[in-house]
Every structure is written in structure tokens, then in C-alpha cells.
Amino acid sequence: MGTLGCAPVTAGRDRWTRIMTLIAAHEGAELTGSGLCVAGAELLAVDGVAIALLTGDGVAVATYRSDLAFQPIEDLQFVLGVGPSLDAFRARRPVVEADLSEDASLRWPGLAHLALDAGVRSIAAFPLRIGAARIGALTVYDSRPRALEGDRLDDALALTAVVARTLVALQVADADDDLVPRLSRGTSVGGAVSPGEFPSGEIDHAEVHQASGMVSVQLGIDVGDALARLRARAFLDGTTVRAVAADVVARRLRFDP
Amino acid sequence: MANRETLLASTFLTLADTLVDDFDVVEVLGTLCGRCVGLLGASASGILLADARGALHVMATSGEQASLLELFQIQNEEGPCLDSFRSGQAVVHDDLDGTSPWPRFAPAARRAGFHGVHAFPMVVRSNVVGTLNLFMDEPRPLLAPDVDVAQALAHAATLTVLQNRATEDSHRLTTQLQEALDSRITIEQAKGVVSELGQVGTDEAFTWLRSFARSKNRKLTDVATAVVDRTLDDRERSELLRAGSTEELLRADGAPGPDAP
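Predicted, not measured: the structure shown is a model, and the values here were computed from it. (Residues numbered from 1 in each chain as written. Chains lettered and ligands numbered in written order. Predicted model: local features only at pLDDT ≥ 70, side-chain atom pairs only at ≥ 80, totals over all residues. Heavy atoms only, no water.)

Engineer: Which residues make up the sheet that holds strand 4 (residues 116-124) of chain B, and what values go with them?
Structural biologist: All names here are of chain B. Reading across from one edge, 2-1-5-4-3 is the order of the five strands in this open sheet, with antiparallel pairing throughout. Only two strands of the sheet have a single neighbouring strand rather than two, namely strand 2 (56-61) and strand 3 (91-93). Adjacent strand axes in the sheet meet at a mean angle of 20° when their direction is disregarded. Sheet analysis places strand 3 next to strand 4, joined by three bridges and oriented antiparallel. Looking at the pairing, Val 92 lines up with His 118 of strand 4. Each of strand 1 (44-50), strand 2 and strand 5 (127-136) touches helix 3 (residues 66-74); the most contacted strand, strand 2, lies at about 145° to it. Seen against the sheet, helix 7 (residues 173-198) touches strand 1, strand 2, strand 4 and strand 5 and runs at an angle of roughly 65° to strand 2. (Pairing = 2+ DSSP bridges. Helix = DSSP H or I, 4+ residues; strand = E, 2+ residues; numbered from the N terminus. Axes fitted to C-alpha atoms, helices over the stretch in contact; angles between N-to-C directions. Contact = heavy atoms within 4.5 Å.)

Okay, structure coming up:
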């Protein structure tokens, strides 16, 4: 481990604050999928960042990117069903490809060539997840052949944690609305979702995760969707997700299909 | 009855053995918490790790009762763990009473039957990554040798997290911490799934998950992931739910405790 790079806790709070500040600066009053990508690209000092929302079997529900130049590569991954983003999503762990001109063409035939043609030399992909709940993948594109490592890797991991929680929060700002149009047209930060909400760690409470598991059985849905339902309920009832989760775990509240 | 030196040596030996193989970080830390209780005369113990924003999360405990988990959760606002995490120093508090410095935590801990509480920092170089927490059921001083043992166990917990090779790229501390935290979230989600399927409490669900993982020689986190993903087959699923009921039967066969159904 490097001597400078391994300060996640003392530097952690600063890192988190820096990420939230950047997102807030880019987003102004609205949170959008592409805005998150632009903020991410600036944070990591790379050419592009893309976010794909995926179903459990890896079908893209929506994709967002900081720069249109990377859209064909992002799209092709989901057409071919192979690529770093899908690998990261399926294996639930980061995939870092420092130089696509070396061996990536074996792993992802076709894709690496297209990426190189588009001027991409390195790619890193991260699963967007909350525990076992998989939301999608965040992919980093760069024209320079360099590994995402050190402090930038720590930044990318923290960014991934922020984005995963942001997506869950946006998904539930109101339950009847679809996540996709909501992210595309932007969501009012002044309303249910604000960058300031995430440092509070509302979602990261043991009972919230337990309740997500229980509701996923009650409704026969994915645990990530169950978390969204919990947040939606909290929003409608004007209470906190922790309070709703406590009711579920204590079996005072059931979700019926 | 083995003396403490023997127990301590065996704890570290077991740990050294475990860390060689592919191991489950939550499971090993849970075992370590159990040993803390035995070695230090504590009635409960737990290990908290910090996430990317410096919030503390329960990674493992000597028992999964909700009241105990809540005592750890409160400590994101105040408590010995937070103090130890922020200062990087051990916090030894022998007697929780009206003069204790934590207006929310202290009464909650007393209500749960604890009268002494101690926290020891988990340190990697100059970075505090988490804390080891001890709860005592009576107010009595923690002696200097106990403090040393507790701090040694906190170091052992740190090593466990650092040794976790759950992913290829776990050479980074941040990756290891995030991986460990995600493991724990997955286990909480799985506890919820099993608790709903089996109509039992979440603490009981944890016991079922752990029994099943042990009987199958599988990692707890892998089993939890399969439970949440619904990738266990029907036979495995009924075995998991039966693992719990078998354990209940075994307990009932022995001396039925006051909490036996």
C-alpha cells in the first residue's frame, strides 16, 4: 500500500464532502443522470463517465454519460452483452483496464477496437450496488493509457457509493413516477432529494437493509426495488426510511402486492 | 478451564489459520467478538468499521440482538466508539452513570443491562478505520493487562480486514473496507429475506444463515448473496430454513431456556 494513498478515514470525510460539493456545483437545483456523470468526470480528471441502470440480468434500462463521444461504446456493450461495465456488474467488483491496446481485445472482442477507434485507451468500471442489491454500473473512459489507481481509485469507489445511493433516492422521490424520465428531466434538489441528504447515512442502517430483504419477499421483487419502496413509503408518510424500516422489522407494517 | 494466556494464544492461532485460506471477513470478525467476550469477561462485544464518509457501521457482534445492534448504531452520534474513532485512543469507561459523557448512549446502554463500556481503535498506520467495543454487565475497572489484550484483539481485527482477499484488487485499504461493508449490508438483507420466509426474528435468521453456511462449508457472504439473489435451489432453500428448525430442536432437546418457544 502506498504511504500517501491509504488514508480513507481521515481523508474519507473530506473526500465525501468534496464529491457532494462537486455534484451540487454541477447540478445546481437539479439532479440528473448526465449531471452526475459530468461531476464524476471532473472529480476523477478523466475524459468521460457513464452510468448505466441495469436489470438483474444485465439489460440496460437507461444510460447516461458526461460526453456523447462515449455513447457508441457504452451502447455496444449492452447490444453485445459483453464489456467491462457488464463484467463489473455481474462480478460485483471493479474492472480496471489500463491499456485497451494490450489485451482487452481478447476479453471483449469487437468492443476494444471500437473503443480504440473512438480514442479511448483506458476503461474502469464499477458496480453500483448496495449490498447484494445491484443497480447498475459506472464506467470511466479515458484517452490516456493509465490505470485508475491510488487516490483516484479511492475517489472512484467513494463516487460509486454516492451515485448508488443517489440513484436509490431519486428512484423513490415519488413512487408512481418512473426512475428513467425522472433522472432525464432532472429532479428538484429542493424537494425530496438533496445532496445534503446522503451524508446523513439514512439508507445505511442495519434495519433498513433487513426491511429491504423482508419487503422483497412480501412483494416478490428485487431487494433494490424493495429499498426504493421503503423510501417511497417514508416520503408519502412524511417520515424517515429508518422509521418505516423499524415498523417492517417489528412486523407492524407489511407491504402487500 | 484453560487460563487466559492459553485462550489468547489459541485465539491468535485460530485467526492465523483462518487468514491463510479464503475466509469470510464478517464470520471471522464475529468469531473474534465471541472470543473477546470470553477473554475479557465482557457480556457483549462488537466491531465497527468506517465507510467512505467516516460513518461507523456494525461489522460483527457477539450477538445479533436488536437492542445490542441499536447501541452500536447510536454511536454514529455519540458514544465511546465515536470518541475512540475520532481520537485514535482507547476509551475505558468503567461505570456508566449519570455523570457519563453520553446523554443518549449511556441511558440506552444501562437499559440494555450494561454498566461498563470500552472502545479500542483499529489503526492502520495513522488512520483509524474502526473500533472494537466491549460491553460489561457490571461496573468494575478494566485492568491494565485487560486493556493490552483488548488492544491486541483490536489489532487482530484490523489485520483480518486487511487480509480480506474477497476481490482481485483488494490491495487498497479503501477497497477492502468497502468490500467488508458491502458484505455486512448483504448479510443484513439476507437476514431480512430469511426472517420473512421463516417468520422468525432477524437475530434468529442470522443464526440460520450461519448454521447453513457452516454446514455447507460456504462463506457466509456468499450464502447471503445467494439468498438475496434467490439463486439457492429449492433443496438448499428448505435446508436453510430447516437448518434453523433443527437447531431449535437441538436446543429444546437439551435444557429449554426461558426464551425457548
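Let's pick the thread back up.
Engineer: Any details on the packing of aromatic side chains? Residues and values, ideally.
Structural biologist: The relative placement of two aromatic rings is captured by the distance of their centres and the angle of their planes. All names here are of chain B. Tallied over the full model, the rule gives five aromatic pairs over all chains. Ring centres of Phe 72 and Phe 135 lie 5.5 Å apart, and the angle between their planes is 70°; on these two criteria the pair is classed as edge-to-face. Separated by 63 residues along the polypeptide, Phe 72 in helix 3 and Phe 135 in strand 5 bring together distant segments of the chain. For Phe 72, a relative accessible area of 1% puts it in the buried group. Consider the rings of Trp 102 and Phe 105, whose centres lie 5.8 Å apart with planes at 85°: the pair is edge-to-face. Each member of the pair Trp 102 and Phe 105 is classed as buried. (Phe/Tyr/Trp six-rings, centres within 6.5 Å; stacked < 30°, edge-to-face > 60°. Buried < 20%, exposed > 50% of the residue type's maximum accessible area, 1.4 Å probe, protein only.)

Engineer: Run through helix 9 (residues 206-219) of chain A, naming residues and quoting values.
Structural biologist: With 14 residues, helix 9 of chain A extends 20 Å from end C-alpha to end C-alpha; this agrees with the ideal 20 Å at 1.5 Å per step. In terms of burial, helix 9 of chain A is a largely internal element, 12 of the 14 residues being buried. Considered for burial, the residues of helix 9 of chain A that qualify are Ala 206, Val 208, His 209, Gln 210, Ala 211, Ser 212, Gly 213, Met 214, Val 215, Ser 216, Gln 218 and Leu 219 of chain A. Close packing links the buried residues of helix 9 of chain A with strand 5 (122-130), helix 10 (223-237) and helix 11 (241-249) of chain A together with helix 3, helix 7 and helix 8 (202-215) of chain B. Of the residues flanking the end of helix 9 of chain A, it is Gly 220 of chain A, one or two places downstream, whose phi is positive at about 60°. (Expected span 1.5 Å × (residues − 1).)

Engineer: Got a sec to walk through the environment of Ala 44 of chain B? Specific residues and values, please.
Structural biologist: All names here are of chain B. Note that Ala 44 resides in strand 1. You can call Ala 44 buried: its relative accessible area is 3%. For the pair Ala 44 and Asn 133, spaced 89 residues apart in the sequence, the C-alpha separation amounts to 8.4 Å. Filtering out sequence-adjacent residues up to four positions away, Ala 44 remains in contact with Val 37, Ser 62, Leu 68, Phe 114, Asn 133, Leu 134 and Phe 135.

Engineer: Account for the confidence of the model for chain A, naming residues and giving values.
Structural biologist: Residues and elements named next belong to chain A. Predicted confidence across chain A gives a mean pLDDT of 79, with 78% of residues reaching 70 or more. The least confident element of chain A is strand 7 (residues 187-188), whose mean pLDDT is 45; the most confident is helix 9, at 95. Predicted confidence is poor over residues 172-177, with pLDDT under 50, and the contacts of this stretch with residues over four places away or in other chains come to 14 contacts. (pLDDT = per-residue confidence, 0-100.)

Engineer: Can you explain the nonpolar core? Please cite residues and give values.
Structural biologist: Among the nonpolar cores identified, the biggest contains 60 residues, and Leu 29, Ile 47, Leu 49 and Val 227 of chain B are the most heavily contacted of them. Two domains each provide a minimum of three residues to this core, namely domain 1 (4-164) and domain 2 (183-250) of chain B. Among all residues touching Leu 49 of chain B, those that are not within four sequence positions of it are Ala 55, Leu 56, His 57, Met 59, Met 122, Val 129, Gly 130, Val 161, Leu 177, Ala 180 and Leu 181 of chain B. Judged by nonpolar contacts, the second largest core, of 56 residues, contains Trp 16, Ile 130, Leu 167 and Ile 203 of chain A. (Core = buried A, V, L, I, M, F, W, Y, C linked by side-chain atoms within 4.5 Å. Domains from an automatic or database assignment.)

Engineer: So what about the packing of helix 7 of chain B against helix 8 of chain B? Which residues, and what values?
Structural biologist: All names here are of chain B. Direction vectors running N to C along helix 7 and helix 8 enclose 105°, while the axes themselves pass 8 Å from each other. Relative to helix 8, the element helix 7 is oriented roughly perpendicular. On the side of helix 7, the interface is formed by Ile 187, Ala 190, Lys 191, Val 194, Ser 195 and Gly 198, while helix 8 contributes Thr 202, Ala 205, Phe 206, Trp 208 and Leu 209. The class makeup of the residues in the contact of helix 7 with helix 8 is seven nonpolar, three polar and one charged. (Parallel < 35°, antiparallel > 145°, perpendicular 65-115°, else oblique. Nonpolar A, V, L, I, M, F, W, Y, C, P; charged D, E, K, R; others polar.)

Engineer: How would you summarise the pairing of strand 4 of chain B if you had to cite specific residues and measurements?
Structural biologist: Residues and elements named next belong to chain B. Counting buried positions along strand 4 gives eight out of nine residues, so the element sits mostly inside the fold. Bridge count for strand 4 against strand 5 is nine bridges, and the pairing is antiparallel. Across the sheet, the residue bridging to Pro 121 is Thr 131, located in strand 5. Between the end of strand 4 and the start of strand 5, which pair antiparallel, lie two residues, with Arg 125 showing a positive phi angle near 50°.

Engineer: Now, about the pattern of salt bridges: what can you tell me, with residues and values included?
Structural biologist: Inspection of every chain in the model, using the stated rule, returns 21 salt bridges over all chains. Two residues, Glu 70 of chain B and Arg 242 of chain A, come together in a salt bridge whose shortest N-O distance is 4.0 Å. With Glu 70 of chain B in helix 3 and Arg 242 of chain A in helix 11, the pair connects residues from two separate chains. Here Arg 218 of chain B and Glu 236 of chain B are joined by a salt bridge, their closest N and O atoms 3.3 Å apart. Of the two residues, Arg 218 of chain B sits in the loop between helix 8 and helix 9 (220-229) while Glu 236 of chain B sits in helix 10 (residues 234-253), which places them 18 residues apart along the sequence. When salt bridges with common partners are traced through the structure, they connect Asp 47, Asp 142, Arg 144 and Arg 146 of chain A into a single cluster. (Salt bridge = Lys/Arg side-chain N within 4 Å of Asp/Glu carboxyl O.)

Engineer: I'd love a proper account of empty space enclosed by the protein, names of residues and values included.
Structural biologist: Applying the stated criterion across every chain, the model contains five cavities of 30 Å³ or more. Taken as a whole, the largest cavity spans an internal volume of roughly 210 Å³. Along the wall of the largest cavity there are 18 residues; nearest its centre are Asp 204 and His 209 of chain A together with His 57, Leu 181 and Ile 185 of chain B. The leading source of residues in the lining of the largest cavity is helix 7 of chain B, at five residues. Looking at the lining of the largest cavity, its residues break down into seven nonpolar, five polar and six charged. Within this model, the second largest cavity holds a volume of roughly 170 Å³. (1 Å grid on protein atoms, 1.4 Å probe; cavity = no way out; pocket = protein on both sides within 12 Å on 5 of 7 lines; lining within 4 Å. Points joined across faces, edges and corners; volume = space filled by probe spheres on them.)

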